[in-house]
Amino acid sequence: MFPESEYERVYTGSLINVQFLQTLLQDRGINSVTRDDMKSGMMAGFGGGVPDHIQLFIKKEDMEEAIPIIEKSLS
């Protein structure tokens, strides 16, 4: 079995929206990580992924504080 990740995906969308959310979260002291399967595939020399489909992850321990920030900013 794989070990459980300490990160949880909280948003998937365009790079602009992800960067906006990252800035809001960082201002509150919440660090985040992104994953771009399309860019990773291109760098590895093969296609794959969906364009403008960036995933934003935060630590599970920060979920309670982060989710309201994300929901408010996207509404």
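Calculation notes
- Residues numbered from 1 in each chain as written.
- Predicted model: local features only at pLDDT ≥ 70, side-chain atom pairs only at ≥ 80, totals over all residues.
- Heavy atoms only, no water.
- Helix = DSSP H or I, 4+ residues; strand = E, 2+ residues; numbered from the N terminus.
- Expected span 1.5 Å × (residues − 1).
- Buried < 20%, exposed > 50% of the residue type's maximum accessible area, 1.4 Å probe, protein only.
- Arc of directions from axis to C-beta.
- Contact = heavy atoms within 4.5 Å.
- Pairing = 2+ DSSP bridges.
- Axes fitted to C-alpha atoms, helices over the stretch in contact; angles between N-to-C directions.

**Q** What am I meant to see in helix H3 (residues 63-74) here?
**A** In an α-helix there are 3.6 residues to a turn, and that puts residues three or four apart on one side. Helix length check: H3 (12 residues) gives 16 Å between terminal C-alpha atoms against 16 Å at 1.5 Å per residue, within 8%. Taken together, the buried positions of H3 are Ala66, Ile69 and Ile70. For H3, the angular spread of buried residues about the axis comes to 95°, placing them on one side. What points out from H3, more than 90 degrees from its buried face, is the exposed set Glu64, Glu71 and Lys72. Looking at the packing, one finds that the buried side of H3 touches strand E1 (7-13), helix H1 (15-27) and strand E3 (54-59).

**Q** I would appreciate a short explanation of the environment of Ile16 in the present structure.
**A** Mapped onto the fold, Ile16 is located in helix H1. On the accessibility criterion, Ile16 (66% relative accessible area) is exposed. As for Ile16 and Ile54, which are separated by 38 residues in sequence, their C-alpha atoms are 9.5 Å apart.

**Q** It is not clear to me how the sheet that holds E1 should be interpreted in this structure. Could you clarify?
**A** Through backbone hydrogen bonds, the strands of a sheet pair up, either in parallel or in antiparallel fashion. Reading across the sheet, the three strands line up as E1-E3-E2 and stay open at both edges, with antiparallel pairing between neighbours. Every interior strand has two partners, whereas the edge strands, E1 and strand E2 (32-35), have only one. The mean angle between the axes of side-by-side strands here comes to 30°, regardless of whether they run parallel or antiparallel. Sheet topology places E1 next to E3; six bridges connect them, and they run antiparallel. Considered in E3, the bridge of Glu8 is made with Ile58. Strand contacts of H1: E1, E2 and E3, with the helix running at about 20° to E3, the strand carrying the most contacts. Here H3 sits on the sheet in contact with E1 and E3, set at roughly 5° to E1.

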